[in-house]
Amino acid sequence: MSFDLFATSSDNGVTKTQLADQAWHLPNFIQNRDNLLKALLNELIQLAPLRKMKTPSGKLMSVNMTCCGDVGWVSDALGYRYQGTDPLSNLSWPVMPDLFNALAKEAAAAAGFENFEPDSCLINYYSVGARLSMHQDKDEADFSQPIVSVSLGLPATFLFAGLQRNSAQTRIALHHGDVVVWGGASRLAYHGVLPVENGMHDLFGSQRINLTFRKAC
Ligand code: SIN
Ligand code: FE2
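The rules behind each value
Each chain carries its own residue numbering, running from 1 in the direction its sequence is written. Here every chain gets a letter starting at A, and every ligand a number starting at 1, in the order they are written. Owing to the predicted nature of the model, reporting of local features is limited to residues with pLDDT of at least 70; listing and counting of side-chain atom pairs is limited to 80 or more, with chain, interface and lining totals taken over all residues. Here the side-chain values reflect all heavy atoms present in the structure, with hydrogen atoms and water set aside. Here, any two strands with at least 2 DSSP bridges between them count as paired. Think of it this way: any DSSP run of H or I at least four residues long counts as a helix, any run of E at least two long counts as a strand, and we number them from the N terminus. Axis definition: a line fitted to C-alpha atoms, limited for helices to the stretch in contact. Angles are taken between N-to-C directions and run from 0 to 180 degrees. Atoms of type N, O and S within 2.8 Å of a metal are treated as its donors, and for Na, K and Ca the window is 3.2 Å; water is not considered, so some sites may appear to be missing partners. Under this scheme a four-donor centre is tetrahedral when all angles range from 85 to 135 degrees, a four-donor centre is square planar and a six-donor centre octahedral when opposite donors are above 155 degrees with the rest from 65 to 115, and any other centre is irregular. To define a nonpolar core, start from buried Ala, Val, Leu, Ile, Met, Phe, Trp, Tyr and Cys residues and group those joined through side-chain atoms within 4.5 Å. Exposure categories follow from relative accessible area, calculated using a 1.4 Å probe and restricted to protein chains: below 20% of the type maximum is buried, above 50% is exposed, and the middle band is partly exposed. Contact between two residues is taken to exist if any of their heavy atoms lie within 4.5 Å; hydrogens are not considered. Note on aromatic pairs: the rings of Phe, Tyr and Trp (six-membered ring only in Trp) are paired at centre separations within 6.5 Å, and the planes decide the class, stacked below 30 degrees, edge-to-face beyond 60, tilted for the rest. Charge-over-ring placement is defined geometrically: NZ (Lys) or CZ (Arg) within 6 Å of the ring centre, and within 35 degrees of the ring normal. One side-chain nitrogen of Lys or Arg within 4 Å of one carboxyl oxygen of Asp or Glu is enough to make a salt bridge.

K.L.:
Which parts of the structure should I look at to understand the sheet that holds strand S11 (residues 156-160)?
P.N.:
The strands that make up a sheet are held in pairs by hydrogen bonds between backbone atoms, and each pair lies either parallel or antiparallel. A sheet is described by the order of its strands in space; here four strands give the open sequence S9-S14-S11-S12, paired in antiparallel fashion. Both outer strands of the open sheet, strand S9 (132-135) and strand S12 (170-174), are each paired with one neighbouring strand and no more. If you compare each strand with its neighbour and ignore which way they point, the axes differ by 20° on average. In terms of strand pairing, S9 meets strand S14 (residues 191-193) through two bridges, oriented antiparallel. Bridge pairing links His135 to His191 in S14.

Structure follows, in structure tokens:
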């Protein structure tokens, strides 16, 4: 292996731990931008309310979701896809705030992915007990761009595996402000989130929020 798995390094003030080839955990990457993110999220969820989507097989997901950006990820009986409008309102998704875009680009660059241009942000609200089963992010048109995932509020255990559903899993404790970036050789890695445990966060209360930035189109 040509990389130093789980080694933590610091570079230009950014601490990062390698999870796999081209996959990095950046603890507290967002630093003091959490209040601004919270204010922006509150605006976004007014424009495009949180909702629980159904999987194509009809199962209600436990995470409350919405999107911003040029396109948003949706799931329903027709399948998983990206589309330019919110199916609840038929309006365009809210514009991605500049801070979201800047943060995603900065985190991608810190993980070695220059020129990331996210066109979509999936906003996931996890109440206590909500989880996300193991999956690959593979509804995007271009796998050359990474995934940037920002965690806020309550902590959670993130499961990161290899390219097969049954690959060995790494468990990563994600805390408020952490970012995970995966791309290149790890772009199609399986990942998931264990049920969020009961707790109370100063800024976000008893929930975990995850922002997933992608170049979808
Ligand atoms: C996702 O895979 O879409 C979200 C991951 C997370 O909530 O950390
Ligand atoms: Fe995902």
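K.L.:
Hey, could you run me through the coordination of the iron ion (ligand 2) in this one?
P.N.:
Tetrahedral coordination by four donors places them ideally at 109.5 degrees to one another around the metal; octahedral coordination by six donors ideally gives 90 or 180 degrees. On the protein side, the iron ion (ligand 2) has His135 (NE2), Asp137 (OD) and His191 (NE2) as donor atoms, found 2.1 to 2.2 Å from it. Bound by four donor atoms, the iron ion (ligand 2) shows angles of 88 to 174° at the metal and therefore irregular coordination geometry. Counting the intervening residues between successive donors of the iron ion (ligand 2) yields the motif H-x1-D-x53-H.

K.L.:
Can you walk me through the nonpolar core in this structure?
P.N.:
As a rule of thumb, soluble globular proteins bury nonpolar side chains together. Grouped together as the largest cluster of nonpolar side chains are 32 residues, with contacts concentrated most on Phe100, Leu211 and Phe213. Of all the elements in the fold, those that place two or more residues in this core are strand S3 (23-26), helix H1 (34-47), helix H2 (98-110), strand S8 (120-127), strand S10 (147-153), strand S13 (179-182) and strand S15 (207-214). Among the elements that line this core, the one with the most residues is H2, at six residues. When near neighbours in sequence (up to four residues on either side) are disregarded, Phe213 contacts Met96, Phe100, Ala104, Phe116, Pro118, Ser120, Cys121, Pro146, Ile147, Val148 and Val150.

K.L.:
Sorry if this is basic, but what is going on with the packing of aromatic side chains here?
P.N.:
Aromatic ring pairs are reported here in terms of the distance separating the ring centres and the angle at which the planes meet. Here the structure, examined in full by the defined rule, presents five aromatic pairs. Both rings, one in Trp73 and one in Tyr80, keep their centres 5.5 Å apart while their planes meet at 20°; by these two values the pair is stacked. Judged by its relative accessible area of 10%, Trp73 falls in the buried class. When the ring of Phe100 is compared with that of Phe213, the centres are 6.0 Å apart and the planes differ by 85°; the resulting orientation is edge-to-face. With Phe100 in helix H2 and Phe213 in strand S15, this residue pair connects regions lying 113 residues apart in the sequence. Look at Phe213 and you get buried, because its relative accessible area is 0%. In this structure an aromatic cluster arises from ring pairing among Phe158, Phe160 and Trp182. The positively charged end of Lys16 is found above the aromatic ring belonging to Trp24, 4.5 Å away from the centroid. Here Arg208 stacks its cationic end above the ring of Tyr126, 4.9 Å away from the centre of that ring.

K.L.:
Just to check I follow, could you spell out the pattern of salt bridges for this structure?
P.N.:
Per the counting criterion, the structure on display carries eight salt bridges. Put simply, Arg214 and Glu140 hold a salt bridge, and the shortest N to O gap is 3.6 Å. Pair noted here: Arg214 is in strand S15 and Glu140 is in the loop between S9 and S10, with a separation of 74 residues, a long-range link. Across the pair, Glu140 and Arg214 agree in class, each one buried.

Spatial relationships are all this shows, so hold off on functional conclusions.
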